[in-house]
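Topology and contacts: notes
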Amino acid sequence: MSTFLWLLLILFVLLLAVAGKQGMRAFFGLAINLAAIFLLIILINWEFNVYLVTILISFVILAVSIYLSADNPKVTNHAFASSLIVLAIIALLIIPINGIANVQGFSTESSEELEGLLLAVGLNFSNIAFIVTVIASLGAIAEASMAISADLNELIKSTPEISTASLYKQGIIIGSQIIGTALNTLFFGVLGENLSLAIFYIRLHYSFAQLINGKLVVAAILDLLIAMIGVLLTIPVTTLIVSRSHAKEHKIQDN
C-alpha cells in the first residue's frame, strides 16, 4: 500500500474515532469536493466559460463544506449566505488585481522544466490565475462563516432576548477573537507551501528588488492577501446576516 493510501486510511480512522458520524460526513465532503475540483479542471479543459464554471464549482464546494459540517439549519443557512456574498466580492476584487499584477502564466524559474514542451495549449492564463485565487480562498471563508454563525446562534439560544445591536457587537468580538488564528493558518499554509522557493531565492542571492518582482512570490502573496481579505469580510457579513435574521424572528414573535 502506498504512503498516500496509508495516510488516507489513518485520516479516515481518526475522523471516525474523534468525530464519529460527523467525521464520516466530513470525509464524504472531502471526496465530493475533490471530485468537484477534477470536474472544474475537465470543464476548463473543454473550454467552458471560466467565470461561470468557477462560480458554480465554488457554489458546490461551499455548500458541501458548510452543510455537511453541522446539523443546525440556521447555522448552515447563515454561513452559506454570508459565504456566497463574500465570494462575490472576492471574485470582483480578483479580476482587476490579477490584471494589474500580471502574474499569470509561467515564471522564469520554470523555464528549464518547460523546455521542449508546447506552451500554446489554447488556455488564457489570466483565467487560470482567477480560478486558483478563488479556490484558494474558499476554505478560509467557509471556516470563518461557520465559526461566527455557530457561536452567535448559541448566544441567541442562551439569551433569546438579546437586542440586535448587542448581537452584532458580540459577533464582531467573536470575529476579532478568531482573526488571529485564521490569518496565521493562511500565512503558515502559504509559507510552508513556498518554503523551498524561499530557500531557492536565498541560495541564488536574489536581491530584494528581484524578490518582490518575482512572479511566483507575487502570486503567492496575492493569494494570501485576498484570502485574508475574504476572512475579514466574512466577519461583519455573517454577523449582519445573523443579526437581521434574529431581528425578523423577534418581529414575528411580537406580532
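The following paragraphs examine the structure supplied in this document. (Residues numbered from 1 in each chain as written. Predicted model: local features only at pLDDT ≥ 70, side-chain atom pairs only at ≥ 80, totals over all residues. Heavy atoms only, no water.)

1. Some remarks on unusual backbone geometry
We note that glutamate 47 has phi near 65°; this positive angle belongs to a residue other than glycine. As for its placement among the helices and strands, glutamate 47 is situated in the loop between α2 (21-45) and α3 (50-67). Given a relative accessible area of 61%, glutamate 47 falls into the exposed group. (Helix = DSSP H or I, 4+ residues; strand = E, 2+ residues; numbered from the N terminus. Buried < 20%, exposed > 50% of the residue type's maximum accessible area, 1.4 Å probe, protein only.)

2. Here we look at helix α7 (residues 164-193)
With 30 residues, α7 should cover 44 Å at 1.5 Å per step; its first-to-last C-alpha distance of 42 Å lies within 8% of that length. Largest kink in α7: about 35°, centred on isoleucine 178. Inspection of α7 places Leu167, Gly171, Ile174, Gly175, Ile178, Ala182 and Leu186 among the buried residues, and these make up the whole buried set. (Expected span 1.5 Å × (residues − 1). Bend = angle between axes of the 7 residues up to and from the residue.)

3. Topic: the layout of surface pockets
As a volume, the second largest pocket reaches approximately 250 Å³. Along its surface, the second largest pocket is lined by Phe187, Val190, Leu191, Asn194, Leu197, Ala198, Tyr201, Leu211, Val217, Ala220, Ile221 and Leu224. Of all the elements in the fold, those that place two or more residues in the lining of the second largest pocket are α7, α8 (195-203) and α10 (215-254). For the lining of the second largest pocket, the element with the highest residue contribution is α10, accounting for 4 residues. (1 Å grid on protein atoms, 1.4 Å probe; cavity = no way out; pocket = protein on both sides within 12 Å on 5 of 7 lines; lining within 4 Å. Points joined across faces, edges and corners; volume = space filled by probe spheres on them.)

4. As for the packing of aromatic side chains
Any aromatic ring pair is given by two values, namely how distant the centres are and how the planes are angled relative to each other. Going through the model one piece at a time under the given rule, you end up with 5 aromatic pairs. Centroid distance phenylalanine 59 to phenylalanine 80: 5.2 Å. Interplanar angle 75°. Geometry classified as edge-to-face. Of the two residues, phenylalanine 59 is situated in helix α3 and phenylalanine 80 in helix α4 (residues 73-101); the sequence distance between them amounts to 21 residues. Classification of phenylalanine 59 as partly exposed rests on a relative accessible area of 40%. With a relative accessible area of 10%, phenylalanine 80 lands in the buried category. (Phe/Tyr/Trp six-rings, centres within 6.5 Å; stacked < 30°, edge-to-face > 60°.)

5. Some thoughts on the pattern of salt bridges
If charged atoms from side chains of opposite charge come close, those side chains can pair. Applying the stated criterion across every chain yields a total of 1 salt bridge. Between arginine 25 and aspartate 71 there is a salt bridge whose closest N-O contact spans 2.3 Å. One end of the pair, arginine 25, is in helix α2; the other, aspartate 71, is in the loop between α3 and α4, and 46 residues separate them in sequence. Take arginine 25: its relative accessible area is 19%, and that puts it in the buried class. (Salt bridge = Lys/Arg side-chain N within 4 Å of Asp/Glu carboxyl O.)

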